[in-house]
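Remarks on the overall topology
Take a look at the letters that make up each chain.
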Amino acid sequence: MKITKFIISSAFLLLAAFCCTNTNESQQAAKKEPHIKADSAFVSQSLAFACEHQWVSFTLSVLRMEESEMLQDGPSYDVIIKYDGENSLVFFSDNFNHYVVTKENPEIKSLHWDCLSMAWFYFHPIPFIDTKPYLRQLTSCKKDIDGNTPFFRFESDWAMGQADFMVNAEDFTLYRAGHRTYLWNDVYCFHDISFENKQPYIDSILMANG
């Protein structure tokens, strides 16, 4: 009887030790891979980027894909952003027209917003551009690596399909985005990023087209 009790007690202790070991391992794994809250990460990263740079400019090109094969080139935009609180501005050109978005003129025409919304990581720090509807649609954020480049991948559940944004984890630049629906798979690429003051360039364009 004593031997039986000893065996049962030993088995119980071994089981308890096993459970504790698994629990500790799970806790350690959770500490190594913490849950990333998508909206909080997005906000902190976009604000950190804006704090580091007053100006950012880039070319945004759209490629329409199907099963990883390019079908056609989409629109291309030259985008210039100045971060200056209520005096911020967004200048963009589609090769035919030029637009300046300011607090006095905050509206981005719907014709362009679908494409430019892929750059909303850069627009979020600007107080008069409403990005909250897009922020609410973020579903996840995961850290990964592309070659030697660590990045954050944000996924978003849009009414017209799924979207994702790849943010460089080292300098918080947005360098690729995608929008997938039942009809198409668009890839948005960001080229020729610069942090130079482009005010003289904007003034010259507006004067020439005034």
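Coordinates for the structure precede this section.
On to the nonpolar core, then. Grouped together as the largest cluster of nonpolar side chains are 45 residues, with contacts concentrated most on Ile-81, Tyr-122 and Phe-123. Looking at this core, the element that brings in the most residues is helix 2 (residues 38-52), giving five residues. Not counting residues up to four positions away in its chain, the partners in contact with Ile-81 are Gln-54, Trp-55, Val-56, Phe-58, Leu-89, Val-90, Tyr-122, Phe-123 and Ile-126. Trp-55, Ile-80, Ile-202 and Ile-205 belong to the second largest nonpolar core, which has six residues in total.

So, on to the side chain of Ser-57. Assignment of secondary structure puts Ser-57 in strand 1 (residues 55-66). By relative accessible area, which is 4% here, Ser-57 ends up buried. Discounting residues that sit within four places of it in the chain, Ser-57 has contacts with Val-79, Ile-80, Asp-192, Ile-193, Ser-194 and Lys-198.

Take the packing of aromatic side chains next. The geometry of an aromatic ring pair comes down to the distance between the two centres and the angle between the two planes. Within the structure shown, the criterion is met by 16 aromatic pairs. Look at Phe-42 and Phe-154: their rings are 5.3 Å apart centre to centre, the planes differ by 85 degrees, and that puts the pair in the edge-to-face class. Of this pair, Phe-42 sits in helix 2 while Phe-154 is found in strand 6 (residues 149-158), placing the two residues 112 residues apart along the sequence. Each member of the pair, Phe-42 as well as Phe-154, is classed as buried. Between Phe-49 and Tyr-83, the aromatic rings sit 6.3 Å apart at their centres with planes inclined by 80 degrees, giving edge-to-face as the arrangement.

The subject of this paragraph is the environment of Tyr-201. On the secondary structure map, Tyr-201 appears in helix 6 (residues 199-208). Exposure remark for Tyr-201: the relative accessible area of 39% places this residue in the partly exposed category. When the C-alpha atoms of Tyr-201 and Ile-80 are compared, they prove to be 9.9 Å apart, with 121 residues separating the residues in sequence. With near-sequence residues (within four places) excluded, Tyr-201 lies in contact with Ile-80 and Phe-91.

The rules we used
- Residues numbered from 1 in each chain as written.
- Predicted model: local features only at pLDDT ≥ 70, side-chain atom pairs only at ≥ 80, totals over all residues.
- Heavy atoms only, no water.
- Core = buried A, V, L, I, M, F, W, Y, C linked by side-chain atoms within 4.5 Å.
- Buried < 20%, exposed > 50% of the residue type's maximum accessible area, 1.4 Å probe, protein only.
- Helix = DSSP H or I, 4+ residues; strand = E, 2+ residues; numbered from the N terminus.
- Contact = heavy atoms within 4.5 Å.
- Phe/Tyr/Trp six-rings, centres within 6.5 Å; stacked < 30°, edge-to-face > 60°.

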